[in-house]
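What follows is the residue order along each chain.
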Amino acid sequence: MCMAAKSTKPPLARCFELPTQIYISIFNPFIILGIEGRYVSALYSAALQMKQIEQVEKHLLALQKELLKPKIVDFVETSLISSADKAKLMKEVGEQVGMPPAAINFLALVAENGRLKMLRKMITMFSAVMVSHRNEALCEVITAKPLDDSTRKTLMDALKKLTKGGKNVQLTEKIDPSIIGGMIVGIEDKHIDMSIARKVQMYTDILKQAV
């Protein structure tokens, strides 16, 4: 729980009553800085306590797409609607689409505090927290043509050795014929360019320097 004493406030609101260092270190093992991080940490803690973490992620990811629509952008940015009215509307919409209480409380609180313009960044940060929550390592590999099963298996085995703490590798494959051959791999804080295009560029630069 976010507080030892009993409270009638929702878990998310109770998390905001604690100093940032306390609820991040106790209830959220991921260090997230800034105003957005405070909201994301509180949401993570509340959703975990209420056993709604996966449902919250699912609904927020769906909402992230909706936030790009012009009418939603206008709603978020307008100053003609009060924060209280925005909070009321966000709560009603959340209930209509079947969001879990943790997500509804989060959206209402963000709107009420006039932070809706930060919502997209908050959702992106929450997604990153969930990757760590599941002990995953996101990896993107770019190749000139699709990987065959044997190459994919060899790559996955190598990637698992690169990750910290034996994380589960979630592989995203992209095709880019312009790299000619080889591959470009990005995983966690590592970027490895083994493309033929890179080698061609490197040799070209060397030749230019020699002339």
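Notes on the structure in this doc start here. Each residue is numbered by its place in its chain's sequence as written, counting from 1. Totals for whole chains, interfaces and linings use every residue, but because this is a predicted model, local features are given only for residues with pLDDT of at least 70 and side-chain atom pairs only at 80 or more, for both listing and counting. In computing side-chain properties, one takes all heavy atoms of the structure into account and sets aside hydrogens as well as water.

Section: the pairing of strand 2 (residues 168–175)
- Bridge analysis of strand 1 (residues 136–143) against strand 2 gives eight bridges, and the strand direction is parallel. Bridge pairing in strand 2 places Glu 140 opposite Thr 172. The rule for pairing is simple: two strands pair if DSSP sees at least two bridges between them. Helix and strand assignments come from DSSP, with helices taken as H or I runs of at least 4 residues and strands as E runs of at least 2, each series counted from the N terminus.

Here's the deal with the sheet that holds strand 3 (residues 183–187)
- With mixed pairing, four strands are arranged side by side in an open sheet as 2-1-3-4. The two strands at the open ends of the sheet, each matched to only one other strand, are strand 2 and strand 4 (190–193). Strand-to-strand twist of the sheet, defined as the mean angle between neighbouring strand axes without regard to direction, takes the value 15°. Every angle, taken between N-to-C directions, lies between 0 and 180 degrees, and every axis is a line fitted to C-alpha atoms, over only the stretch in contact when it is a helix.

Some remarks on helix 6 (residues 83–96)
- Compared with the 20 Å implied by 1.5 Å per residue over 14 residues, the 20 Å span of helix 6 between its first and last C-alpha is a close match.
- Residue burial is assigned from relative accessible area. The probe radius is 1.4 Å, only protein chains are included, and a residue is buried under 20% of its type maximum, exposed over 50%, and partly exposed in between. All of the buried residues in helix 6 are Lys 86, Ala 87, Met 90 and Gly 94. Summarising the axial view, the buried residues of helix 6 lie within an arc of 100°, below the 170-degree limit, and thus occupy one face. Exposed residues on helix 6 whose side chains face more than 90 degrees from its buried face are Ala 84, Lys 88 and Gln 96.
- Phi for Gly 98, located one or two positions after helix 6, is positive at around 80°. Here, expected helix span is obtained from the residue count minus one, scaled by 1.5 Å. Note that the arc is defined by the directions from the helix axis to the C-beta atoms.

So, the packing of helix 4 (residues 53–66) against helix 7 (residues 101–112)
- At their nearest, the axes of helix 4 and helix 7 sit 9 Å apart, and the two run at 45° to each other. Here helix 4 lies oblique to helix 7, going by the angle between them. In this structure, helix 4 meets helix 7 at a crossing whose hand is right-handed. Mapping the contact onto sequence places Val 56, Leu 60 and Leu 63 in helix 4 and Ala 102, Ala 103, Phe 106 and Leu 107 in helix 7.
- When residue character is reported, Ala, Val, Leu, Ile, Met, Phe, Trp, Tyr, Cys and Pro are called nonpolar, Asp, Glu, Lys and Arg charged, and the others, Gly included, polar. Class assignment of the residues belonging to the contact of helix 4 with helix 7 gives a composition of seven nonpolar, no polar and no charged. Just so you know how the angles are binned, under 35 degrees is roughly parallel, over 145 roughly antiparallel, 65 to 115 roughly perpendicular, and the rest oblique. A crossing counts as left-handed when the near helix is turned anticlockwise from the far one by less than a right angle, and as right-handed when that turn is clockwise. Whether two residues are in contact is decided by their heavy atoms, any of which lying within 4.5 Å being enough.

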